[in-house]
Amino acid sequence: MQSPAPRVPRRPAATRTDIDARLTVELASVVAGARRRALRDGDRQVDTAHLLHSLIESDAEVRTTLGDGPQVARVLGYLVQRSIGYGLRWQGSVEDSGTLPVVRETDGGLSGWSPAAAAAMGAALERAELRGEARAAGIDLLACLAVDRECRAVEVLRRAGMDPAVLGGRIAAG
């Protein structure tokens, strides 16, 4: 008879409150803005484009990192078009690029988020932790969005003429 596998204790699942406590005030504002934008747009989930839009609107460090005024204006132009044509093909679909490991609702309390957005937020929390910071900032989230080559935020950046690899390098050098 085989003995049962040893039971490995699991870390308790993080709740949305736990995650919110690990965000800077600015990033918490970005998340709230992304949630409002998704609701206003009639989207079922917060996706990476919602997060990018809210980051640009709310975080001066993100705007500076993205570059000059015309570059940011082009990105915002694509993001604004989401509700009037450009992003209509995204409606009713779930964003899951498969690039980053997903933080599931039971693991991270991110119900109402696309798998790609949840993964980017989880990676931003880890990035902050690796830097020795207790809270993730907007630049952490932008860095994690930039490395997911298949997410909607990167698609918007590319269409606006930005190279995500160059952006990632700029953040690393930052």
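The structure presented is a predicted model; accordingly, all values stated were derived computationally and were not measured.

Student: Residue-level account of helix α5 (residues 69–81), with values.
Tutor: Given a rise of 1.5 Å per residue, 13 residues ought to cover 18 Å, and the 18 Å separating the end C-alpha atoms of α5 matches this to within 8%. All of the buried residues in α5 are Gln71, Val72, Val75 and Leu79. Angularly, the buried residues of α5 cover 95° about the axis, an arc narrow enough to put them on a single face.

Student: Tell me about the environment of serine 54, and name the residues and values.
Tutor: As for its position among the elements, serine 54 is in helix α3 (residues 48–58). Judged by relative accessible area, which is 2%, serine 54 ranks as buried. In the structure, serine 54 is positioned 84 residues away from glycine 138 in sequence and 9.8 Å away in space, judged by C-alpha atoms. If sequence neighbours within four positions are ignored, serine 54 has contacts with Ser29, Val30, Gly33 and Ala34. Among the polar contacts made by the side chain of serine 54, one reaches the main-chain carbonyl oxygen of valine 30 at a distance of 2.7 Å.

Student: If you had to explain α3 to someone new, which residues and values would you point to?
Tutor: In terms of burial, α3 is largely enclosed, as nine of its 11 residues are buried. Of all the positions in α3, only Thr48, Ala49, His50, Leu51, Leu52, His53, Ser54, Leu55 and Ile56 are classed as buried. Buried positions along α3 lie against α2 (25–41), α4 (60–66), α5, α7 (115–130), α8 (138–147) and α9 (152–159). Its side-chain oxygen at 2.9 Å from the backbone nitrogen of alanine 49, aspartate 47 defines the N-terminal cap of α3.

Student: An account of the nonpolar core is requested, with residue identities and associated values reported.
Tutor: Leu52, Leu66, Val75, Leu141 and Leu142 are the most contacted members of the largest nonpolar core, which totals 46 residues. Where this core is concerned, the elements lending two or more residues are α2, α3, α4, α5, α7, α8, α9 and α10 (164–173). Broken down by element, this core gets its largest block of residues, nine residues, from α7. Every residue in contact with leucine 142, bar those within four places of it in the chain, is listed here: Leu52, Leu55, Val62, Thr65, Leu66, Leu167 and Ile171.

Student: Describe the side chain of threonine 24, with residues and values.
Tutor: Tracing the chain through its elements places threonine 24 in the loop between α1 (16–21) and α2. In this structure threonine 24 comes out as buried when scored by relative accessible area, which is 17%. Filtering out sequence-adjacent residues up to four positions away, threonine 24 remains in contact with Arg135, Ala136 and Ala137.

Student: Provide a residue-level description of the confidence of the model for the protein, including the pertinent values.
Tutor: Averaged over the protein, the pLDDT score is 80; the fraction of residues at 70 or greater is 73%. Predicted confidence for residues 1–14 stays below pLDDT 50, and this span has seven contacts to residues more than four positions away or in other chains. Low pLDDT, under 50, characterises residues 100–109; the predicted model gives this stretch 28 contacts beyond four residues in sequence or across chains.

Student: Please set out the packing of α3 against α5 residue by residue, giving values where relevant.
Tutor: In the contact formed by α3 and α5, the axes pass within 10 Å of each other and the chain directions differ by 135°. On the basis of their axis angle, the class for α3 and α5 is oblique. Both α3 and α5 take part in a crossing whose hand is left-handed. Along the contact surface, α3 presents Ala49, Leu52, His53 and Ile56, while α5 presents Val72, Val75, Leu76, Leu79 and Val80. Looking at the contact of α3 with α5 residue by residue, the classes come out as eight nonpolar, one polar and no charged.

Parameters and conventions
Residues numbered from 1 in each chain as written. Predicted model: local features only at pLDDT ≥ 70, side-chain atom pairs only at ≥ 80, totals over all residues. Heavy atoms only, no water. Helix = DSSP H or I, 4+ residues; strand = E, 2+ residues; numbered from the N terminus. Expected span 1.5 Å × (residues − 1). Buried < 20%, exposed > 50% of the residue type's maximum accessible area, 1.4 Å probe, protein only. Arc of directions from axis to C-beta. Contact = heavy atoms within 4.5 Å. Polar contact = N/O pair within 3.5 Å; in protein donor to acceptor, adjacent residues only side chain to side chain. Core = buried A, V, L, I, M, F, W, Y, C linked by side-chain atoms within 4.5 Å. pLDDT = per-residue confidence, 0-100. Axes fitted to C-alpha atoms, helices over the stretch in contact; angles between N-to-C directions. Parallel < 35°, antiparallel > 145°, perpendicular 65-115°, else oblique. Left-handed = near helix turned anticlockwise from the far one by under 90°. Nonpolar A, V, L, I, M, F, W, Y, C, P; charged D, E, K, R; others polar.

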